[in-house]
Amino acid sequence: MKKKIFLSVFALVASLTISAQFNTAEYLDINNVKARFMVHGDMFWDPSTGDAAYEFPKGSGKHSNFVSSIWIGGIDQSTNSLKVAAQTYRQSGNDYWPGPLDEFNGASIDSTTSANWAQIWKVNKSTIDSFRQLTTITLTNTPKSILRWPGRMNPHAVTPSNTILSIPNREMAPFIDINNDMVYNPLDGDYPNVKGDQMLFWVFNDKAGNKSSGSDAIGLEIHGTAYACKQKGLQNTTFVNLRVHNWSTSILDSTFVGIFNDADLGYAFDDYIGYDTTYSMGVTYNGDSFDESAAGYGNNLTQTGILFVRGPRIDNPQFPIPGSPQFIELPASSFSFFYNGTNSKTGSPIIANEFYNYLSGKWRDGSPIMAGCMPEATMGTPTNFVFPDDPSIANGISEKVCNRTPFDRKTLISSGPFMLIPGIVPSDITFAIVNTDTGVNNNNFNELRRLADSAYKYSEGCQSISWPVGLPAVTEGNLRVYPNPANSFFTIEDSEPKKKYIQLFNVNGQVVYKEESNSQRININTQQLPSGLYFLRIEKGKDQFSQHILIK
């Protein structure tokens, strides 16, 4: 209850600080999650009340996440100045507002345009399937979710006041263009192109007001889509895709993108955080065996994880060497945490350089994060990832094994650095939030890993498979694979001298390495492979072993 009251005050201050504050929200609620999204770049809460709004399981009145938002920061090449777009609880205002920018007029936006785009469009795949069966299409028999979809130059899209919405003559909400005229018109049979069984779409920018971070505007226009799937393995997962346009005239260099997440598992103040290095996944789990208060899960615990399933894409320096892809996707570059409302080096970021320090894998004041049980220490070995071990590892570095005090820690998972290039081509990232069924074994991350497998596999939508079909989850046995992440090689050890068929897949499901061997120790050279996430499969007789491999 204390947290809700505290954040309600934040929301009141924010409403008094910025006049162009929009309360528009929509729910993604097709599967076991009911998640609230808003037009100001944040999600999963109601700032007017301070209530959590990521309900899991749907209908239970329990919430596994509280607030999340995208952070972006980098150096403007033309001015050599730091610019960021980031916010937490709107306690000093916003860094994002609804609406697309006018790329032909200095990446500008006026208050009317922003107000007209203070909308989130929602459509179900089942509605689209029914629409596609129509033999005659009219204004009256076309569902509003399809008729008003903000595809390129749609003449039937409307503003909140029911006037015609002006849509730029460029790629906006994705759609299937039946007659290939590059204009979205459902009366021609066009329909939304959705990745999930349900999808939301909205547009926001960092130029329509004075930014709470104190940073000058970057010139960002971000197209958000959130989608969910009903099929097995994905019922507890929320996908968010963010297409980040830089409509300024300058490259944003040394750019990092991060997902800030306040994952409260019911009662906020008894949680642990951790990082699963194999799956590049930030994790929040209960620090004790009982989740207190009326908001808590009690004995019926859950875990939640957040991961980039599609990171920022950069040019591959090895291209056009045969077999090398033109682009590679950056993995997570850091996972850290901070405490809300404190003025220490682990406290809430307030100004641009503090947001950027967190984004680039440092503490708020720019000091390094230390490896081990005390990442806040002043001496030690620097690291970018806090608490990187499963709590089941007896001598591992996890909050549980380190016997730290459970609390309400906010996390940030980041990826970078890269260059955010101005122009029509966006930087495209997708992250997923996965939730274990309630009643999970809270002593390890095994169930979260199985859910993460499915999130990676279906990162392009419910029906698209990026990984080979039918791969089993990570299994225990006589095989050991290390180190992970790998730099120039990784090793496979087998306690049995049996024949093994080894395959390594990239994120597109292509085989990049294969070998058949009876050896008990095999070193796999990865120096010629682009950095990124790979999938290892080993077949040994009737047994199979599979694991993600991160190559740096």
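The preceding data block contains the structure.
In this text, all values refer to a predicted model and were calculated from it rather than measured experimentally.

Draft legend 1. Expanded view of the overall build of the protein chain. Along the backbone of the protein chain there are six helices and 34 strands. Counting only C-alpha atoms and orienting by the principal axes, one finds that the protein chain spans roughly 70 × 55 × 50 Å. The burial tally for the protein chain puts 56% of its 552 residues in the buried class. Of all intrachain contacts in the protein chain linking residues separated by at least 6 positions in sequence, the fraction that spans at least 24 positions is 65%. Element-wise, carbon and sulfur atoms account for 51% of the exposed surface of the protein chain, whose accessible area totals about 22,200 Å². Distance between charge centroids for the protein chain: 3 Å, based on 44 positive and 52 negative side chains.

Draft legend 2. View of unusual backbone geometry. Residue phenylalanine 56 is joined to proline 57 through a cis peptide bond whose omega torsion reads -10°. Position of proline 57 among the secondary structure elements: in the loop between β6 (54-55) and β7 (63-65). The linkage connecting glycine 416 with the following residue, proline 417, adopts the cis geometry, with an omega of 0°. Along the polypeptide, proline 417 turns up in strand β26 (residues 410-420). A positive phi is found at methionine 182, a non-glycine position, where the angle reads about 65°. Within the secondary structure, methionine 182 is located in the loop between β12 (175-176) and β13 (191-192). Phi is positive for phenylalanine 387, which is not a glycine, with a value near 45°.

Draft legend 3. Local environment of the packing of aromatic side chains. Inspection of every chain in the model, using the stated rule, returns 29 aromatic pairs. The interplanar angle of 85° and the centroid separation of 6.1 Å between the aromatic rings of tryptophan 45 and tyrosine 89 together place this pair among those described as edge-to-face. Remark: tyrosine 89 occurs in the loop between β9 (81-85) and β10 (97-98) and tryptophan 45 occurs in strand β4 (residues 45-46); sequence separation between them is 44 residues. Cluster of aromatic residues (ring-pair linked, three or more members): Trp45, Phe66, Trp71, Tyr89, Phe260, Phe338, Phe355 and Tyr358. Lysine 34 extends its terminal NZ or CZ atom over the ring of tyrosine 27, reaching a point 4.7 Å from the ring centre.

Draft legend 4. Structural context of the pattern of salt bridges. Scanning the model with the defined rule gives 30 salt bridges in all. The salt bridge involving aspartate 276 is made with arginine 449; its shortest N-O contact spans 2.7 Å. Remark: arginine 449 occurs in helix α6 (residues 446-457) and aspartate 276 occurs in strand β18 (residues 271-276); sequence separation between them is 173 residues.

Draft legend 5. Summary view of the environment of alanine 352. Residue position: alanine 352 is located in helix α5 (residues 352-359). Beyond its immediate stretch of four places on either side in the chain, alanine 352 contacts Leu82, Val84, Ser213 and Ser215.

Draft legend 6. The pairing of β9, seen in detail. Bridge count for strand β8 (residues 67-76) against β9 is five bridges, and the pairing is antiparallel. Its bridge partner being in β9, isoleucine 75 is matched across the sheet by leucine 82. Following β8, the chain reverses through four residues before pairing antiparallel with β9; asparagine 80 in that reversal takes a positive phi of roughly 55°.

Draft legend 7. Molecular detail of the nonpolar core. Judged by nonpolar contacts, the single largest core of 68 residues is most densely connected at Phe37, Ile70, Trp71, Ile72, Ile222 and Phe431. In this structure, isoleucine 70 is in contact with Gly41, Ala85, Ala86, Tyr96, Phe204, Ile222, Leu242, Val244, Val257, Gly258, Ile259 and Ile429, ignoring residues within four places of it in sequence. Formed by 42 residues, the second largest nonpolar core is a distinct cluster that contains Trp117, Phe445, Leu451 and Ala455.

Draft legend 8. Fine view of the side chain of threonine 225. For threonine 225, the position within the fold is in strand β15 (residues 220-228). Setting aside residues no more than four positions away along its own chain, threonine 225 makes contact with Met199, Leu200, Phe201, Trp202, Phe239, Val240 and Asn241.

Draft legend 9. Spatial organisation of the sheet that holds strand β28 (residues 479-482). The three strands are arranged β28-β29-β32 in an open sheet whose pairing can be described as antiparallel. The open sheet has two edge strands, β28 and β32 (521-525), and neither has a second partner. With strand direction ignored, the average angle separating the axes of adjacent strands in the sheet is 15°. In this structure, β28 lies alongside strand β29 (residues 489-494), joined through four bridges in antiparallel fashion. By the bridge assignment, leucine 479 is partnered in β29 with aspartate 494.

Draft legend 10. Representation of the state of the cysteines in the model. Applying the stated criterion across every chain yields a total of two disulfides. The disulfide partner of cysteine 229 is cysteine 462, and the S-S distance across this bridge is 2.0 Å. Taking the sign of the torsion about the S-S bond as the criterion, the disulfide between cysteine 229 and cysteine 462, at about -95°, is left-handed. In this pair, cysteine 229 is assigned in the loop between β15 and β16 (237-246) and cysteine 462 in the loop between α6 and β28, connecting sequence segments 233 residues apart. An identical accessibility class is assigned to cysteine 229 and cysteine 462; each is buried. Between cysteine 373 and cysteine 402 runs a disulfide, and the two sulfur atoms are separated by 1.9 Å. With the S-S bond torsion at -70°, the cross-link from cysteine 373 to cysteine 402 turns out left-handed. Highlighted residues: cysteine 373 in the loop between β24 (369-370) and β25 (382-383) and cysteine 402 in the loop between β25 and β26, separated in sequence by 29 residues. Listing the disulfide partners of the protein chain by sequence rank of the bonded cysteines yields 1-4, 2-3.

Draft legend 11. Looking closely at α6. Spanning twelve residues, α6 covers 17 Å between terminal C-alpha atoms, matching the ideal 16 Å at 1.5 Å per step. A large share of α6 lies buried, amounting to nine of its twelve residues. Along α6, the residues classified as buried are Leu448, Arg449, Leu451, Ala452, Asp453, Ser454, Ala455, Tyr456 and Lys457.

Draft legend 12. Representation of the pairing of strand β17 (residues 252-262). Along β17, nine of the eleven residues are buried, which leaves the element largely enclosed by surrounding structure. Note that β8 and β17 share nine bridges and pair antiparallel. Counted as the bridge partner of serine 68 is asparagine 261 from β17. Here β17 runs beside β26; their pairing, made up of seven bridges, is antiparallel. Considered in β26, the bridge of phenylalanine 260 is made with leucine 412.

What counts, and at which threshold
- Residues numbered from 1 in each chain as written.
- Predicted model: local features only at pLDDT ≥ 70, side-chain atom pairs only at ≥ 80, totals over all residues.
- Heavy atoms only, no water.
- Helix = DSSP H or I, 4+ residues; strand = E, 2+ residues; numbered from the N terminus.
- Buried < 20%, exposed > 50% of the residue type's maximum accessible area, 1.4 Å probe, protein only.
- Contact = heavy atoms within 4.5 Å.
- Areas by Shrake-Rupley, 256 points an atom, 1.4 Å probe, with all protein chains shown as cover.
- Lys, Arg positive; Asp, Glu negative; His and termini not counted.
- Charge placed at Lys NZ, Arg CZ, Asp CG, Glu CD.
- Phe/Tyr/Trp six-rings, centres within 6.5 Å; stacked < 30°, edge-to-face > 60°.
- Lys NZ or Arg CZ within 6 Å of the ring centre and 35° of its normal.
- Salt bridge = Lys/Arg side-chain N within 4 Å of Asp/Glu carboxyl O.
- Pairing = 2+ DSSP bridges.
- Core = buried A, V, L, I, M, F, W, Y, C linked by side-chain atoms within 4.5 Å.
- Axes fitted to C-alpha atoms, helices over the stretch in contact; angles between N-to-C directions.
- Disulfide = S-S within 2.5 Å.
- Expected span 1.5 Å × (residues − 1).

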